[in-house]
Amino acid sequence: MSWTEDQPMVSIKDVHKSFGDLEVLKGVSLDVKKGEVICIIGPSGSGKSTLIRCVNALNDIQQGSIRVEGQEVNDPDLNKLELRKKVGMVFQQYNLFPHKTAVQNVMMAPLRVLKQDKSAVEKKARALIKKVRLEGKEDAFPGELSGGQQQRVAIARSLAMNPDVMLFDEVTAALDPETVGEVLQTIKDLAEDGMTCILVTHEMGFAREVADHIYFTDRGVIVEHGPPASFFDEAKDPRTKEFLSQIL
Amino acid sequence: MKHTSAQSILPVLLQGKGKALNGFDFSPKLWHGVILLAVCLLTSTISFAQSAPAKISVIDALFRWMPLLLQGFVFNLVISVFAMAIGTASGAALGLGQISPNVAIRKVCWFVTQFFRNSPWLVLLFFAMFLLPFEFSVFGLKIPLPDWLKATVGLSLPVMANVSEIVRGAVNSLPSGQWEAAESLAFSRRQTLWEIILPQCVKRMLPPWMNLYAILTMATVLASIVGVSEVMTLTGQALAAEGGRTDLLAPFYSFVLLIFFIYCYPIARWTVYLEQKFAVKG
């Protein structure tokens, strides 16, 4: 029950997940240690996004176990709110709250959920906006920001909750090519600060650069995994080879 | 003498309307109003030309009854405001019930909404008139329930059902990503709904809500059928008091049409304006 930092921060074991008759995850296992950055890659429809959405209980699982800091996620009595305070998530479509300014978006959860003091929250929110290099955009509404800027606000919003793990669900997939770089840089900064990150991504160059470990999924299973150098250069499985040859 | 007074009024009214025209673009609805005004005046003058000299002119008759008719119209507005308030409050609750995570609540609210939304307004009005008591007692205190209040409750029923659908529709029209983002920031369902979803829905709900109000205002004349002294009832009484002169029918009812138009048209324009404004921002 008691979790210590030398154990995996996120431990996924034999997870099965179906939508109706369609089995999306067919027994997936992986571990993420504290401070580690892992990237999950694979063709679309292979269950990557579903997997990380299970980690913060946006999707439930039918079988298997997901533990976040020792807490079992696949438990009907799970306190989802407590889990989600520890696990931040950034989405492909940013999903900023359009009726709030950038700084208000960042402040909302600490104020309303954690009930923190307003002046402290605002100070921290402004610091976070500075950290994602958006100084001067504090009072802009999401509609006035570019995709890359919105996504960085979304990252700041998630960080404001002081999560232990961050989930990134294809966060650059909806962006214009010229703004992809600024979002990746922000994630890289985070990784260098020691944040534990699980990324679903199609940015192979980025995965190679920042990931400690790469997982390749196809049709609901992990086909192959390893550190970036060996994964990209010495892929053994034919499916991995085929995927990499298509994408690189 | 009578002629000159009628003629002196005509240009004044037309001039005023002409000024208003400059501010708006010519939409079919505005033409509708202009035509109404023309019909009102035309029927007045034609009727006047046909009437025997012993009777007072149509214009004079209209002016004599105008204060009473306007009073009746204000009563229509009072009914519309109360019915809208009751309907909005109960409809908002019903609409939120329709999106409740509890299946039983959701089904009951859905059924109630569909039942009242698909019933004729007049039937609901009769339903309220005959089912509600004329008075009810609270702790031995007898509180009377006058007809107009019963009619208000009757009219608020379809409003409630329509507001319920407006709320449900607005909530469902938001992208699911808003819910997911809030959930992943550890907002509870209640917080998500009240602090993130509903504030965004207000804008989307406002135009259809105003539209509904305009429809309700026009429907308040139904209360005349159940004997409430609103503008239609009073018009009938005024016509009877003038001895049932057939030449007065068209001008009097045109006048009623006109005041409803003057009240409802700006609401319709404003609704269109808001729809356009919100459509740009998304």
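The preceding data block contains the structure.
As the structure is a computational prediction, the values presented were derived from the model and not from experiment. (Residues numbered from 1 in each chain as written. Chains lettered and ligands numbered in written order. Predicted model: local features only at pLDDT ≥ 70, side-chain atom pairs only at ≥ 80, totals over all residues. Heavy atoms only, no water.)

1. Comments concerning the overall build of chain A
For the record, the criterion: Secondary structure is summarised from DSSP: a helix means a run of H or I of at least four residues, a strand means a run of E of at least two, and numbering begins at the N terminus for each. The globule rule used here is 2.2 Å times the number of residues to the 0.38 power, and the radius of gyration it is set against is calculated over C-alpha atoms. Each residue's exposure class comes from its accessible area (1.4 Å probe, protein chains only) as a fraction of the maximum for that residue type: buried when under 20%, exposed when over 50%, partly exposed otherwise. Should any heavy atoms of two residues lie within 4.5 Å, those residues are counted as being in contact. For accessible areas, the Shrake-Rupley method is used with a probe of radius 1.4 Å. Any residue's cover is judged against the shown protein chains and nothing else.
For chain A, the count of helices and strands is nine helices and 10 strands. In summary, chain A has a C-alpha radius of gyration of 18 Å against a globular reference of 18 Å for 248 residues, a match within 12%. Along the three orthogonal principal directions, the C-alpha set of chain A runs to about 55 × 45 × 35 Å. With 248 residues in all, chain A has 55% of them scored as buried. Considering only intrachain contacts with a sequence separation of at least 6, the fraction spanning at least 24 residues in chain A is 64%. When the accessible area of chain A is evaluated, it comes to approximately 11,000 Å², of which 46% is carbon and sulfur surface.

2. A closer look at the interface of chain B and chain A
The line we're drawing: Buried area, as used here, totals the accessible surface that two parts lose on assembly, with accessibility defined by a 1.4 Å probe and the loss added over both. A carboxyl oxygen of Asp or Glu within 4 Å of a side-chain nitrogen of Lys or Arg is what we treat as a salt bridge. Side-chain atoms alone can form a polar contact between residues adjacent in sequence; in general such a contact is a pair of N or O atoms within 3.5 Å, and within protein one must be able to donate a hydrogen while the other accepts it.
Taken together, the contact between chain B and chain A spans 16 residues of the former and 22 residues of the latter. Summed over both sides, the interface of chain B with chain A buries roughly 1,700 Å², with 63% coming from carbon and sulfur. Of all residues in chain B, the largest losses of buried area upon contact with chain A belong to B:S184, B:L185 and B:A186, amounting jointly to 34% of the total for that side. The tally of links between chain B and chain A comes to three salt bridges. In this structure, B:E195 engages A:R112 in a salt bridge whose closest nitrogen and oxygen atoms are separated by 3.5 Å. The tally of links between chain B and chain A comes to five residue pairs in polar contact (both at pLDDT 80 or more).

3. A short note on the nonpolar core
Keep this limit in mind: By nonpolar core we mean a set of buried residues, namely Ala, Val, Leu, Ile, Met, Phe, Trp, Tyr and Cys, connected to one another through side-chain atoms within 4.5 Å.
Counting residues in hydrophobic clusters, the biggest one holds 75 residues, and the most contacted among them are A:V10, A:I40 and A:I198. Counting residues per element, this core draws most heavily on helix 8 (residues 189–219) of chain B, at 12 residues. Leaving out residues up to four positions away in the same chain, A:I40 has contacts with A:L30, A:K48, A:L51, A:I52, A:I198, A:L199, A:V200, A:T201, A:Y215 and A:T217. Listed in part, the 50 residues of the second largest apolar core include A:I187, A:L199, A:A207 and A:I214.

4. A short note on the side chain of A:T240
Residues and elements named next belong to chain A. Mapped onto the secondary structure, T240 falls in helix 9 (residues 238–247). Side chain to side chain, T240 and E224 meet in a polar contact 2.8 Å long. Ignoring sequence-local partners within four residues, the contact set of T240 consists of F216, V223, E224, F231 and A235.

5. Digging into the packing of aromatic side chains
The geometry of an aromatic ring pair is captured by two quantities: the separation of the ring centres and the angle between the planes. We apply this condition: Aromatic pairs are defined between Phe, Tyr and Trp rings, using the six-membered ring for Trp, whenever the two ring centres lie within 6.5 Å; interplanar angles under 30 degrees are classed as stacked, those over 60 as edge-to-face, and all others as tilted.
Tallied over the entire structure, the rule returns 11 aromatic pairs over all chains. Relative to A:F243, the ring of A:F216 lies with its centre 5.1 Å away and its plane at 40 degrees, an arrangement referred to as tilted. Highlighted residues: A:F216 in strand 9 (residues 213–218) and A:F243 in helix 9, separated in sequence by 27 residues. Pairing B:F73 with B:F260 gives two aromatic rings, centres 4.9 Å apart and planes at 90 degrees, and the pair type is edge-to-face. With a gap of 187 residues between them, B:F73 in helix 3 (residues 58–98) and B:F260 in helix 10 (residues 246–281) connect regions that are remote in the sequence.

6. Regarding the pairing of strand 7 (residues 165–169) of chain A
All names here are of chain A. Condition: The pairing criterion for strands is at least two bridges between them, as found by DSSP. Classification remark: right-handed applies to a crossover when, strands pointing away from the viewer, the course from the first strand over the helix to the second runs clockwise.
Counting buried residues in strand 7 gives five out of five residues, a clear majority hidden from the surface. Relative to strand 8 (residues 196–200), strand 7 is paired through five bridges, and the arrangement is parallel. For D169, the partnering residue across the bridge sits in strand 8 and is V200. In the classification by handedness, the crossover that spans strand 7, the intervening helix 6 (residues 177–192) and the parallel strand 8 is right-handed.

Just distances and angles here, no functional claims.
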